[in-house]
Amino acid sequence: MNISMILDMAAAAEDRPVVTAGGRSLFTTELAALARRAARQFRGHTAVLYLGANHLAYTVALFGAALAGVPFVPLNYRLGAGQLEALLARHPGALVLRPEDFDTLLTADASDDEAPGEVAWDGDAVAVIIYTSGTTAEPKAALLRHRHLMAYLLNTQEFGSAEGEATLVSVPPYHIAGLTNLLSNFYSGRRIVYLSAFDAAEWLETVRRERITHAMLVPTMLARIVEVVAGEDAGVPELRSLAYGGARTPRPVLERALRAFPHTGFVNAYGLTETASSVAVLGPQDHRTALASAEPEVRDRLGSVGRALPGIDIEIRSEAGEPVAAGETGLVFVRGDQISGEYGGRSALDAGGWFPTRDLGRLDADGYLYIEGRADDTIIRGGENIAPAEIEDVLLAHPGVREAAVIGVPDPEWGQRLVAVLVGTGEPEEIREWVKQRLRSSKTPDLIVFRGELPRTETGKLLRRNLVAEVENTNA
């Protein structure tokens, strides 16, 4: 199997516009010809490195690399020069595509019908290399083979869709969601519309202008859209599905979003780079049922990431590696054909094929998965393991708090002390009392710090290590 087979399948069907960006659309046959032309250029290189924002060239380069049988590597073009040079040095013999090269990729010539050369469709060949976001450690090169990506598509997507469906993609191309949004929507037959950079007002305008039916956002994007809508109906009746994920979504933001998009089905998707996209989903009916329910345990499902997708097994284990009972918190392990769990030739899968996500979570009796933060984020205070997410949820329920991050900093007496870094307003002592009344003293922040914003990746993930360094330097 090779992901280029979905391009062949689309090209064998009707010729239609499949991807739009910057005011131009590519049709199926045109994209196929451009990908073949790109493949001839890519042959002989060790990899194709893509350095740019969302662009028509991204689609051409991805399928061109697949046809050429070389790995496609989308890099974070926002990194500093030194960081980028270090990543480029990891790929000797690679072809580097920069924005100034994109127009050449989109120019066809008379030889475009020539085949790029025979490439064995080896499902074990590396299709894509994505560098993880590195929120708690240095980025790692996650390898996704063709069979992993095809397993995700074949197990979770339907080939073809209703006429006129279109999806808006605003997540960056170097993120797993950017890659799988392209592949899944292409496979499903939806036209893909790219935003080169996210702006909430522009996003809403694009949804209306392009008659978007499906979209995916990260939580920070969703929060900005909710602010722009300001309590009104978003006015996008044709938007049927809105997926969100990539980081924890504050409950108040989600509830306001559900009211702003009353005709839209919400989907919370949970996955990692190493799992080739989503492994669990909270679907539209789950959202509607939870929002309307008066039962706390059902309403709490709005805080879950749903249930396992077809072909995926999820298990919660203790630190000792033993499965725990329903409702108990532990380490989240996943297994399935789409799971890679591989870094530069080193597999992180155990003997049973299970991948350790390093997320803390729990499964309820009905199989709903609740993610409670990264295991690496756990704060050890006086010998007690404390998950920041539990405290952050309480802080976010305070009327003056818009964003919250709880971190641990060194303390000579307790090992670590709790610091809450907040975006919003309020009196520190009053906020501490708010937490104490709802949790207990040992989980009450020792220090409340206000900031104008929290450091996040472009996909909304909190950079806790940046906060820890900032607070330690401030109090040094």
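To keep things clear, this report deals only with the structure shown in the data block.

Analysis parameters
- Residues numbered from 1 in each chain as written.
- Predicted model: local features only at pLDDT ≥ 70, side-chain atom pairs only at ≥ 80, totals over all residues.
- Heavy atoms only, no water.
- Helix = DSSP H or I, 4+ residues; strand = E, 2+ residues; numbered from the N terminus.
- Rg over C-alpha atoms; globule rule 2.2 N^0.38 Å.
- Buried < 20%, exposed > 50% of the residue type's maximum accessible area, 1.4 Å probe, protein only.
- Pairing = 2+ DSSP bridges.
- Axes fitted to C-alpha atoms, helices over the stretch in contact; angles between N-to-C directions.
- Contact = heavy atoms within 4.5 Å.
- Phe/Tyr/Trp six-rings, centres within 6.5 Å; stacked < 30°, edge-to-face > 60°.
- Lys NZ or Arg CZ within 6 Å of the ring centre and 35° of its normal.
- Parallel < 35°, antiparallel > 145°, perpendicular 65-115°, else oblique.
- Nonpolar A, V, L, I, M, F, W, Y, C, P; charged D, E, K, R; others polar.
- Salt bridge = Lys/Arg side-chain N within 4 Å of Asp/Glu carboxyl O.
- Expected span 1.5 Å × (residues − 1).
- Core = buried A, V, L, I, M, F, W, Y, C linked by side-chain atoms within 4.5 Å.
- Left-handed = near helix turned anticlockwise from the far one by under 90°.

**Section: the overall build of the chain**
When its secondary structure is counted, the chain shows 15 helices and 25 strands. In terms of C-alpha radius of gyration, the chain reaches 23 Å, essentially the compact-globule figure of 23 Å for 476 residues. By principal-axis analysis of the C-alpha atoms, the chain measures approximately 75 × 45 × 40 Å. Across the 476 residues that make up the chain, the buried fraction comes to 54%.

**Topic: unusual backbone geometry**
Positive phi, normally seen in glycine, also occurs at arginine 211, with a value near 55°. Along the polypeptide, arginine 211 turns up in the loop between helix H8 (200-209) and strand S10 (214-217). The phi torsion at arginine 358 lies on the positive side, around 70°, for a residue other than glycine. Take arginine 358: it is sitting in strand S19 (residues 355-363).

**Describing the sheet that holds S19**
Pairing within the open sheet is antiparallel, and its four strands lie in the order S15-S16-S19-S20. A strand with exactly one partner marks an edge of an open sheet, and here the two such strands are strand S15 (313-317) and strand S20 (369-374). For this sheet, the mean inter-axis angle between neighbouring strands, taken without regard to orientation, is 45°. Bridge count between strand S16 (residues 330-335) and S19: four bridges; the pairing is antiparallel. When the bridges of S19 are listed, leucine 331 appears paired with leucine 360.

**Description of the sheet that holds strand S24 (residues 415-424)**
Strand order across the open sheet formed by three strands is S23-S24-S25, with mixed pairing between neighbours. Each having just a single partner strand, strand S23 (401-411) and strand S25 (447-450) make up the two edges of the open sheet. Averaged over all pairs of adjacent strands, the angle between strand axes in this sheet comes to 25°, irrespective of strand direction. As paired strands, S24 and S25 are joined by four bridges and run parallel to one another. Within S25, the position partnered with leucine 422 by the bridge is phenylalanine 450. The sheet contacts of helix H13 (residues 388-396) involve S23 and S24, and relative to S23 the element is tilted by about 145°.

**Things to note about the packing of aromatic side chains**
If you walk through the whole model with that rule in mind, you get eleven aromatic pairs. Relative to phenylalanine 72, the ring of tyrosine 50 lies with its centre 6.1 Å away and its plane at 45°, an arrangement referred to as tilted. Here tyrosine 50 is found in strand S3 (residues 48-50), whereas its partner phenylalanine 72 is found in strand S4 (residues 72-74), with 22 residues between them in sequence. Both residues of the pair, tyrosine 50 and phenylalanine 72, belong to the buried class. Among the aromatic residues, those joined into a cluster by ring pairs are Tyr50, Tyr58, Phe72, Phe102 and Tyr194. The side chain of arginine 438 reaches across the aromatic face of tryptophan 434, ending 3.5 Å from its centre.

**Focus on the packing of H8 against helix H9 (residues 219-229)**
Contact geometry of H8 with H9 gives a least axis separation of 9 Å together with a crossing angle of 80°. Put simply, H8 runs roughly perpendicular to H9. The segment H8 lies against H9, with Ala200, Ala201, Trp203 and Leu204 engaging Arg224, Ile225, Val228 and Val229. The residue makeup of the contact of H8 with H9, split by class, is seven nonpolar, no polar and one charged.

**With respect to the pattern of salt bridges**
Counting across every chain of the model gives 27 salt bridges. Between glutamate 315 and arginine 317 there is a salt bridge; the shortest N-O distance is 2.7 Å. Close ionic contact of arginine 456 with glutamate 403 constitutes a salt bridge, the shortest N to O distance being 3.0 Å. Here the residue arginine 456 occupies a position in the loop between S25 and helix H15 (464-474), and glutamate 403 occupies one in strand S23, the gap between them amounting to 53 residues. Taken together, the shared-partner salt bridges connect Arg248, Asp377, Glu392, Asp393 and Arg464 into one network.

**Some thoughts on helix H2 (residues 28-42)**
Compared with the 21 Å implied by 1.5 Å per residue over 15 residues, the 21 Å span of H2 between its first and last C-alpha is a close match. Looking only at H2, the buried set comprises Thr28, Leu31, Ala32, Ala33, Leu34, Ala35, Ala38, Ala39 and Phe42. The first or second residue beyond H2 is glycine 44, which carries a positive phi of 95°.

**Looking at the nonpolar core**
Among soluble globular proteins, nonpolar side chains are generally buried collectively. Counting 90 residues, the largest nonpolar core has Phe42, Leu179, Trp203 and Phe261 as the members making the most contacts within it. Considering every element that reaches this core, the biggest residue donor is helix H3 (residues 56-68), with eleven residues. Each residue touching tryptophan 203, except ones within four places of it in the same chain, is listed here: Leu168, Ser170, Leu195, Phe198, Ala215, Leu217, Ile225, Leu239, Leu242 and Phe261. With 18 residues, the next largest nonpolar core counts Tyr270, Leu272, Tyr343 and Leu369 among its residues.

**Considering the packing of helix H6 (residues 146-156) against helix H7 (residues 176-188)**
Running from amino to carboxyl end, H6 crosses H7 at an angle of 50°, the nearest separation of the two axes being 10 Å. Between H6 and H7, the crossing angle belongs to the class labelled oblique. H6 and H7 meet at a crossing whose hand is right-handed. Residues Leu149, Tyr152, Leu153 and Leu154 of H6 pack against Leu179, Thr180, Leu183, Ser184 and Tyr187 of H7. A class-by-class count of the residues in the contact of H6 with H7 yields seven nonpolar, two polar and no charged.

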